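Each chain, letter by letter, is given below.
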Amino acid sequence: MSRTARQKLWLRVHWWLGVSAGFVFVLSGVTGSALVFYQAIDEWLNPERRTVVDSGPYRSFEEMVAAARAARPDLPGPYGLFLPQERSGVVEAWFKAPVGESGHVQDIEVTIDPYHAKVLSRDRIWGQTFVSFIYELHKGWLLDKVGETLVGFFAFLMILSVGTGLYLWWPKAWRYRQAIGFSPGGSTIRRYYDVHKLAGIAGSLVLLVLACTGLYLEFPEYVVPLVKVVVPVPDETELRSTMSPEARPISIDQAVVIAKRHFSSGELKWIGLPQHADGVIEIGLRQPGEARRTSGESIVWLDQYSGVVLGVRDWRLLTSGETFLAWLFPLHNGEALGVIGRIIVFVTGFVPLILYITGIRMWWLKRVARRRQKHAPDVGMARVSAEMHPVRVSQN
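Parameters at a glance
- Residues numbered from 1 in each chain as written.
- Predicted model: local features only at pLDDT ≥ 70, side-chain atom pairs only at ≥ 80, totals over all residues.
- Heavy atoms only, no water.
- Pairing = 2+ DSSP bridges.
- Helix = DSSP H or I, 4+ residues; strand = E, 2+ residues; numbered from the N terminus.
- Axes fitted to C-alpha atoms, helices over the stretch in contact; angles between N-to-C directions.
- Core = buried A, V, L, I, M, F, W, Y, C linked by side-chain atoms within 4.5 Å.
- Buried < 20%, exposed > 50% of the residue type's maximum accessible area, 1.4 Å probe, protein only.
- Contact = heavy atoms within 4.5 Å.
- Phe/Tyr/Trp six-rings, centres within 6.5 Å; stacked < 30°, edge-to-face > 60°.
- Parallel < 35°, antiparallel > 145°, perpendicular 65-115°, else oblique.
- Left-handed = near helix turned anticlockwise from the far one by under 90°.
- Nonpolar A, V, L, I, M, F, W, Y, C, P; charged D, E, K, R; others polar.
- Patch = residues over 30% accessible without salt bridge, like charges linked within 9 Å, V, L, I, M, F, W, Y side chains within 5 Å.
- Areas by Shrake-Rupley, 256 points an atom, 1.4 Å probe, with all protein chains shown as cover.
- Salt bridge = Lys/Arg side-chain N within 4 Å of Asp/Glu carboxyl O.

Draft legend 1. View of the sheet that holds strand S6 (residues 280-286). Strand order across the open sheet formed by 8 strands is S4-S3-S2-S1-S5-S6-S7-S8, with antiparallel pairing between neighbours. Only two strands of the sheet have a single partner each, and these edge strands are strand S4 (118-125) and strand S8 (309-313). With strand direction ignored, the average angle separating the axes of adjacent strands in the sheet is 25 degrees. Sheet topology note: the strand S1 (residues 80-82)/strand S5 (residues 267-272) ladder contains 3 bridges and is antiparallel. Bridging across to S5, Gly-80 finds its partner in Gly-272.

Put into structure tokens, the structure is as follows:
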């Protein structure tokens, strides 16, 4: 097959991908951009529920849990405490509430002022607040597992779309300057093509990273076994506390002290609380250098009665496979590279919108030009042809 025939084939594939999946790419991109700064947006929208005044040391975690339980005596739990990223943030206590007889559960958030162990809100339902709604829309179109499968499929189509776009753009060795140029004096179609081309080039690498990491987030049950074929990833071990008639649980604050002995420089990020008599306490910390800045990757598991350490996950000692997997989510939301990374992901989220608008606009203008060509006199054929084929004309 000649180069011209291959280009026509891949141009057709690229066009159909844009037409059939372009709007989904736009939806994923725009909602993803919103989620990059979801905590700041949530605090801005709900300052009375999500922000506090820094007023000294935190109250004990036992007091916070007691306050959360008093606010929601109708629910078991909470199953976890999540600490704020800033001193002006709140501690989140999360509960699970059954929904009808279907077996489904809702996650309920109770926000707590950590300086006074005071409840600020008790009825924030996951999926019904603005930010969590955007999250569920981004993750699975509000269609649960079916939606997540579809989003994963469209992530694969995104990879194919970016790949075909790069193939169609890739210039010959002596035409790189032309390939990254912009022609303000060209035809209308040419100008749209240049914007489409430059936006695609600028965002291609990050879009590929976002699509590939999105595939993992939607299909971890398939991606992890594939990674295990190449590099070691240890299997997870189920840990249990040892029960006895006389045993009484240790306090949450004691558990935090024990965990910090293993990671003295670690920043406490979250606490997983046991929901069963043989459940364990999980303490999540972030050590310096960890890619996941919001929640960390280092974990200590403790027997809820004796405080004995049952397991430790140390970021510095992860296998190559575990390290690879640990980087995927922070690359997806940009936090692996700090504020700069988040800004890059935020901006890139709007690239599919630019590509979609310019692609549709080029298609429409070419359609109009073809109609004009049918009725154009011979003297105007060259000008109309130039409008229809900006890429071919520019390379002559």
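Still more to cover.
Draft legend 2. Structural context of the nonpolar core. Grouped together as the largest cluster of nonpolar side chains are 31 residues, with contacts concentrated most on Phe-61, Ile-271 and Ile-283. Of all the secondary-structure elements, those providing two or more residues to this core are helix H4 (61-71), strand S2 (91-99), strand S3 (104-113), helix H10 (252-262), S5, S6 and strand S7 (298-303). Filtering out sequence-adjacent residues up to four positions away, Phe-61 remains in contact with Leu-81, Leu-83, Ile-252, Asp-253, Val-256, Leu-268 and Ile-271. Formed by 15 residues, the second largest nonpolar core is a distinct cluster that contains Leu-17, Trp-141, Val-151 and Phe-154.

Draft legend 3. Inspection of the packing of aromatic side chains at higher detail. The full count for this structure, using the stated rule, is 12 aromatic pairs. An angle of 70 degrees between the planes, with centres 6.0 Å apart, marks the rings of Trp-94 and Trp-126 as edge-to-face. Pair noted here: Trp-94 is in strand S2 and Trp-126 is in the loop between S4 and helix H5 (130-140), with a separation of 32 residues, a long-range link. Given a relative accessible area of 9%, Trp-94 falls into the buried group. Owing to a relative accessible area of 34%, Trp-126 belongs among the partly exposed residues under this scheme. Arranged with centres 5.5 Å apart and planes meeting at 85 degrees, the rings of Trp-169 and Trp-170 form a pair that is edge-to-face. Through a chain of ring-to-ring contacts, the aromatic side chains of Phe-37, Phe-346 and Phe-350 assemble into a single cluster.

Draft legend 4. Up close: the packing of helix H8 (residues 188-218) against helix H11 (residues 320-333). Here H8 crosses H11 at 125 degrees, and the two axes come no closer than 9 Å. Relative to H11, H8 is oriented oblique. Crossing handedness for the pair H8 and H11: left-handed. Contacts between H8 and H11 involve Val-209, Leu-210, Thr-213, Gly-214, Tyr-216 and Leu-217 from the first element and Leu-325, Leu-328, Phe-329, Leu-331 and His-332 from the second. Here the contact of H8 with H11 is built from residues that sort into 8 nonpolar, 3 polar and no charged.

Draft legend 5. View of a nonpolar patch on the surface. Together, Val-30, Val-339, Ile-340, Ile-343, Ile-344, Phe-346, Val-347, Phe-350, Leu-353 and Ile-357 line one region of the surface with nonpolar side chains, adding up to about 810 Å² of accessible area. Elements that contribute at least two residues to the nonpolar patch include exactly helix H12 (338-348) and helix H13 (351-375). A per-element tally of the nonpolar patch places H12 first, with 6 residues. For Ile-340, a relative accessible area of 57% gives the class exposed.

Draft legend 6. Fine view of the environment of Tyr-58. Position of Tyr-58 among the secondary structure elements: in the loop between helix H3 (47-50) and H4. Judged by its relative accessible area of 26%, Tyr-58 is partly exposed. Taking C-alpha positions, Tyr-58 is 54 Å from Gly-359, a pair spaced 301 residues apart along the chain. Excluding residues that lie within four positions of it along the chain, Tyr-58 makes contacts with Met-64, Leu-83, Pro-84, Arg-87, Pro-114 and Tyr-115.

By themselves, these are just geometric observations and shouldn't be taken as functional.
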